[in-house]
Amino acid sequence: MSAPIELKLHHTMDRPDSDNLLDRTAQGVISAPLDRPEGPLKVTGRATYADEDHPDGTVHGVLARASVARGWVVGMNTAEVRAMPGVLDVIRDPRLLRSPAQGQASRAPVQNPAEIFYVGQPVALVVAETLEQARHAALAIRPDYEAREPVATADGQPCETPPAKQATQGDLDAAMTAAAHRIDVTYTTPAMSHAAMEPHAAVASWDGDRLTVRSSNQMLKHNVAELADALGIRPGNVRILSQYVGGGFGGKLGISHEAVAAAIAARRLGRPVSVALHRRTVFEATMRRSETRQRVRLACDADGRLTGVGHEAWVSNLKGERFSEPVTQATPFTYAGENRVIGHHVARVNQTTAGSMRAPGEAVGVPVLECAMDELAEAAGIDPVELRIRNIPSEDPSTGKPFSSNRLEDCLRAGAEAFGWADRRLTGQRREGEWLIGMGMASAVRVNMLETSEATVILLADGTARVETDMTDIGTGSYAILTQIAAEALGLPMDRVTTVLGDSDLPPASGSGGSFGAASAGSAVMLAAQAIRTQLARRLGCDEAELTLKDGAAIAGNRMTPLTEVLAGDVLKGNGLIKPGKTEKTVRQATWGAQFAEVAVSALTGEVRLRRLAATFACGRILNEKTARSQCLGGMAFGIGSALTEEVMNDPRDGHFVNRDMAEYHIPANLDVPEMTVTFLPDRDPHANPMQAKGIGELACCGTAGAIMNAIHNATGIRVRDFPATVDKLLDRLP
Amino acid sequence: MPAPTDHPITLTVNGTVETLVLADPRVSLLDALRQRLGLTGTKKGCDHGQCGACTVIVNGRRINSCLSLAVMHDGDAITTIEGLGAPGALAPLQAAFLHHDGFQCGYCTPGQIMSATAMLEELRAGWPSVVSDDLTAPALSDDEIRERMSGNLCRCAAYPNIVAAIRAVADAAAPAEDAA
Ligand code: FES
Ligand code: FES
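Residues numbered from 1 in each chain as written. Chains lettered and ligands numbered in written order. Predicted model: local features only at pLDDT ≥ 70, side-chain atom pairs only at ≥ 80, totals over all residues. Heavy atoms only, no water.

Draft legend 1. Broad picture of the overall build of chain A. Looking only at helices and strands, chain A has 18 helices and 28 strands in total. Here the C-alpha radius of gyration of chain A, 27 Å, is about what a compact globule of 735 residues would show, namely 27 Å. Dimensions of chain A, computed from C-alpha atoms along their principal axes, come out at roughly 80 × 75 × 50 Å. The buried share of chain A, reckoned over its 735 residues, is 65%. Restricting the contact set of chain A to residue pairs at least 6 apart, pairs at least 24 apart contribute 82%. By element, 49% of the accessible surface of chain A is carried by carbon and sulfur atoms, the whole surface being about 24300 Å². The average position of the 76 basic charges and that of the 88 acidic charges among the side chains of chain A differ by 2 Å. (Helix = DSSP H or I, 4+ residues; strand = E, 2+ residues; numbered from the N terminus. Rg over C-alpha atoms; globule rule 2.2 N^0.38 Å. Buried < 20%, exposed > 50% of the residue type's maximum accessible area, 1.4 Å probe, protein only. Contact = heavy atoms within 4.5 Å. Areas by Shrake-Rupley, 256 points an atom, 1.4 Å probe, with all protein chains shown as cover. Lys, Arg positive; Asp, Glu negative; His and termini not counted. Charge placed at Lys NZ, Arg CZ, Asp CG, Glu CD.)

Draft legend 2. View of the confidence of the model for chain B. In this model, chain B carries an average pLDDT of 93, and 93% of its residues clear a pLDDT of 70 or more. In the predicted complex, the global pTM is 0.97; the interface-specific ipTM is 0.97. (pLDDT = per-residue confidence, 0-100.)

Draft legend 3. Representation of the pattern of salt bridges in the model. Residues and elements named next belong to chain A. Taken as a whole and assessed by the stated rule, the structure comprises 66 salt bridges over all chains. Here R297 ties to D173 by a salt bridge, and the two come within 3.1 Å at their closest N and O atoms. In this pair, R297 is assigned in strand 14 (residues 292-300) and D173 in helix 4 (residues 172-178), connecting sequence segments 124 residues apart. A salt bridge links D396 to R588; the nearest nitrogen and oxygen atoms lie 3.5 Å apart. Remark: R588 occurs in the loop between helix 15 (583-586) and strand 26 (590-602) and D396 occurs in the loop between helix 10 (384-390) and helix 11 (408-419); sequence separation between them is 192 residues. On the basis of relative accessibility, which here comes to 24%, the residue R588 falls in the partly exposed class. A single salt-bridge network, built from bridges that share partners, covers R430, E432, E598, R611 and R612. (Salt bridge = Lys/Arg side-chain N within 4 Å of Asp/Glu carboxyl O.)

Draft legend 4. Examining the sheet that holds strand 1 (residues 5-13) of chain A more closely. Residues and elements named next belong to chain A. Read across the open sheet, the five strands follow the order 1-25-19-20-21; overall the sheet is mixed. Edge positions in the sheet fall to strand 1 and strand 21 (497-500), since each has one partner strand and no second. Neighbour-to-neighbour, the strand axes of this sheet turn through a mean angle of 15°, independent of strand direction. Direction of pairing for strand 20 (residues 465-468) relative to strand 21: parallel, over a ladder of four bridges. Within strand 21, the residue paired with R466 across the bridge is T498. Its contacts with the sheet put helix 12 (residues 478-490) on strand 19 (453-459), strand 20 and strand 21, and the angle it makes with strand 21 is roughly 140°. Each of strand 1, strand 19, strand 20 and strand 25 (572-580) touches helix 13 (residues 517-540); the most contacted strand, strand 25, lies at about 135° to it. (Pairing = 2+ DSSP bridges. Axes fitted to C-alpha atoms, helices over the stretch in contact; angles between N-to-C directions.)

Draft legend 5. The arrangement of the side chain of E698 of chain A in detail. Residues and elements named next belong to chain A. Within the secondary structure, E698 sits in the loop between strand 28 (675-680) and helix 17 (704-716). Overall, E698 belongs to the buried group, its relative accessible area being 8%. When near neighbours in sequence (up to four residues on either side) are disregarded, E698 contacts R358, A359, P360, R446, G514 and S515.

Draft legend 6. Fine view of the packing of aromatic side chains. Scanning the entire structure with this criterion turns up 11 aromatic pairs over all chains. With 6.2 Å between their ring centres and 90° between their planes, F333 of chain A and W592 of chain A make a pair best called edge-to-face. One end of the pair, F333 of chain A, is in helix 8 (residues 331-334); the other, W592 of chain A, is in strand 26, with 259 residues separating them in the sequence. Look at W592 of chain A and you get buried, because its relative accessible area is 0%. Ring centres of F403 of chain A and W592 of chain A lie 5.7 Å apart, and the angle between their planes is 75°; this geometry places the pair in the edge-to-face category. Residue F403 of chain A is found in the loop between helix 10 and helix 11, and its partner W592 of chain A is found in strand 26; the two are separated by 189 residues along the sequence. Each member of the pair, F403 of chain A as well as W592 of chain A, is classed as buried. The rings of Y49, Y244 and Y479 of chain A together with Y107 of chain B are connected pair by pair, giving a single aromatic cluster. (Phe/Tyr/Trp six-rings, centres within 6.5 Å; stacked < 30°, edge-to-face > 60°.)

Draft legend 7. Representation of helix 17 of chain A in the model. Over its 13 residues, helix 17 of chain A runs 19 Å from end to end, which matches the ideal 18 Å to within 8%, given 1.5 Å per residue. Helix 17 of chain A sits mainly inside the fold: 13 of its 13 residues count as buried. (Expected span 1.5 Å × (residues − 1).)

Draft legend 8. Representation of the interface of chain B and chain A. Between chain B and chain A, the contact holds 53 residues from the first and 60 residues from the second. Roughly 4600 Å² of surface becomes buried between chain B and chain A when both sides are summed, with 56% attributable to carbon and sulfur atoms. At the junction of chain B with chain A, the criterion picks out six salt bridges. Taking the shortest distance from any N to any O, the salt bridge between E646 of chain A and R155 of chain B comes out at 2.7 Å. Connecting chain B to chain A are 24 residue pairs in polar contact (both at pLDDT 80 or more). A per-element tally of the side of chain B that touches chain A places helix 6 (residues 159-179) of chain B first, with five residues. (Buried area = accessible area lost by both parts, 1.4 Å probe. Polar contact = N/O pair within 3.5 Å; in protein donor to acceptor, adjacent residues only side chain to side chain.)

Draft legend 9. How the structure looks around helix 12 of chain A. All names here are of chain A. Taking 1.5 Å per residue as the helical rise, helix 12 with its 13 residues ought to reach 18 Å, and the 18 Å between its terminal C-alpha atoms agrees with that figure. With 13 of 13 residues buried, helix 12 lies mostly within the body of the structure. The first or second residue beyond helix 12 is G491, which carries a positive phi of 65°.

Draft legend 10. Quick peek at the sheet that holds strand 22 (residues 548-550) of chain A. Residues and elements named next belong to chain A. The strand order across the open sheet built from three strands is 22-23-24, with neighbouring strands paired in antiparallel fashion. Two strands close off the open sheet at either side, each with one partner strand: strand 22 and strand 24 (559-562). For this sheet the average axis-to-axis angle between neighbouring strands, irrespective of direction, equals 25°. Inspection of the sheet shows strand 22 paired to strand 23 (residues 553-556) by three bridges, in the antiparallel sense. Paired with L549 across the two strands is A554, which belongs to strand 23.

Draft legend 11. Seen up close, the environment of E675 of chain A. With respect to the helices, strands and loops of the structure, E675 of chain A is situated in strand 28. Note: C-alpha distance between E675 of chain A and V59 of chain A (616 residues apart in sequence) is 46 Å. Setting aside anything within four residues of it in sequence, one finds E675 of chain A in contact with R611, R612 and L613 of chain A together with R146 of chain B.

Draft legend 12. Fine view of the domain arrangement of chain B. Residue and element names in this part refer to chain B. Here chain B is partitioned into domain 1 (7-83) and domain 2 (92-179). Put simply, the middle of domain 1 and the middle of domain 2, counted by C-alpha atoms, are 22 Å apart. Counting from both sides, the interface comprises 16 residues of domain 1 and, opposite them, 17 residues of domain 2. Contact with domain 2 buries area across many residues of domain 1, yet K43, R62 and I81 alone supply 44% of it, more than any other trio. Here domain 1 and domain 2 share one salt bridge between them. Between R62 and E122 there is a salt bridge whose closest N-O contact spans 2.9 Å. Connecting domain 1 to domain 2 are seven residue pairs in polar contact (both at pLDDT 80 or more). Elements represented by at least two residues in the side of domain 1 that touches domain 2 include exactly strand 3 (55-58) and strand 4 (61-64). Split by residue class, the side of domain 1 that touches domain 2 holds four nonpolar, seven polar and five charged. (Domains from an automatic or database assignment. Nonpolar A, V, L, I, M, F, W, Y, C, P; charged D, E, K, R; others polar.)

Laid out in structure tokens, this is it:
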């Protein structure tokens, strides 16, 4: 076989797309609700996750963890533990992590476990021949501490108020005073946990100076840089494999304890080492979403037109962490109003590291803003859907920039119609026996992003193709959509395209996070395929725009030629690279939706039963209707958890994560999730990327909890301003 | 530490007789499957009986294999996800999960499918649940599926599609039952 012919197409989004390639291709697989190509492996147990491919001689490491919240480890019974059966090593290394890396950090997080910042922080790794021996020995570790008084909770603590995260426009106080109707309310949302079903795990092995780690990570190019930096080795010597990731939700964005510990241990012992975090360690020592306190002020005139919007947030994190939950991220552009205040305050606490969790910011900020809008609608006597429609701005009211596209009104109208919103009664007007019935709604808004991403598409001489990129599939459907994009652009049936992901030796993608994965990695694949299309067109003597590719043949002019004939034994290797450009700055990009909920609340017990959820979204081109819908169902269920069940409880004495297991931290179970309907409005956004697709997976969990809370109010007349709406918050206020 | 059990135990796993010498009685059935027998299709989500990812069928009943020691299963017949079907030869539930997108990341999926396999048998045998209207002959309502599958957590929340997949298989099987 001759050497491949190298082609490339690199593109920066400096102007809106005018080509719209995927609307002029002919294969007909893009957007189709196709099954996941990796699905057969997943449903038969053949997909191998992080801790499922142990090289011969693999031994097991278990992290020993701190039982105090703050101080220093000044000694440890390492000699005693080393003597236990099967124990190979007890490792206290300053390179072990205090916290996992934040998303897209690309450098080591805070290291050195000798200083303790939170209960459950790893202090050492115990390695033994078997998992049972390592687990037992890790429990026998007794650190000597020099303990300090911790800051157990954010309550009453002084806050940092970073100037860049505050904004004022006009005079909100004056607007509040002059308003026909006003709302000034404070809501709280609890800390939450990602709780991906696959616990973090890593299996490390060395070949000379080259390290290979099988792990469960979302963003391999960043993870390689983080791991190399943490270990003090060259990134070129690190390979990370994450072909199947058992859920991430932001909890596996950055490199975490297990990879660093496994790599250090494997180096010391000269053997492969597996470190699979115990579920409790995942809860306590990886990441959480910060709790929030939010003050919302809304002022409107007699017609319900907003004249003022204030949204101030108080969140927390560990010392030394730059990330803080961007609660108000969507507030500057969601609704109109000339007088505005945005506030952001961070307390430093001795608790589990706070980081990004599915839709950081909007997941907690939008539901609260939407509850406040519901309160304003009631105060003004205006229908909640109508109040929102009256306040959709014609441009970003905080910057004056145009929207790339604003479909909020379309989503609200279509969603209300499909749900039967017109049947909603006024507060407390509907009862069926024991059950108080209510309907609520919320807008869904999430910023839309694009990240640098690279991919290779190889068209082989036999007319099959291979997609290669280090993108991950964390359940989002990357395998499906990247295969579809390549198949569509090259005019190939799906079974002639193979997609290889999750290997950091492949071209670096955006990774999975921020809902930018599909748009970024997908655009790179499309560009790579487009480079091949251009070459095929050249060979056929036509313009790429006049070329039709379908079912493995090229049609140009009136002639159909099999691809194998056009290739004539050659292999075409297209390299695609997408970079964000000016369209990131010149327009406000976001995704839009409307969520509707119907609940039944027991008048006797306060139990909330969700009856149905319906959502309408506009998020650009849908790449696979089946996987996109699944993303939305999952996101909406995330919202159910936020509204009704999920809450990290911290001990007020030392801040420790009390309910650190799956029996006590309540993610929704099957019976908690009712009938849900998802509708996508036909949509394109030329400013977003050359595919005109946008993010989905996070939008779906923005707003849901607000819709449910508003439905509870409509049923009962009770405003729960402290999420989640558990029975205890309703019981003594029931009508 | 007590003396290691050097008695071998015999498990019939997916129809194959396996003899295991477990030097350590603390090995869970889950870890024996994953680490000793290389059957990593059975997943570990919590190791505490809280999530259902480790569900396997032992002598016809679904159990959480993380909550059971391997040495307790001498002589038992165990079915894991690998024994149900293979790519290209999917069992009906596996095919239905694929078609209805009853999974996303896929990590809870083997447990869901094993649980659903046994659950349909339980229903066929007339076992009632807390949501059954008729305790002597429970009908296969969507809520009945949801309740009976609530021991299998899915953070991706593929639940609506899991219910649809199970319903499709149960409905396809129903006419044959009527005829019988
Ligand atoms: S791993 Fe057994 S129930 Fe979770
Ligand atoms: S498919 Fe991801 S946890 Fe169920």
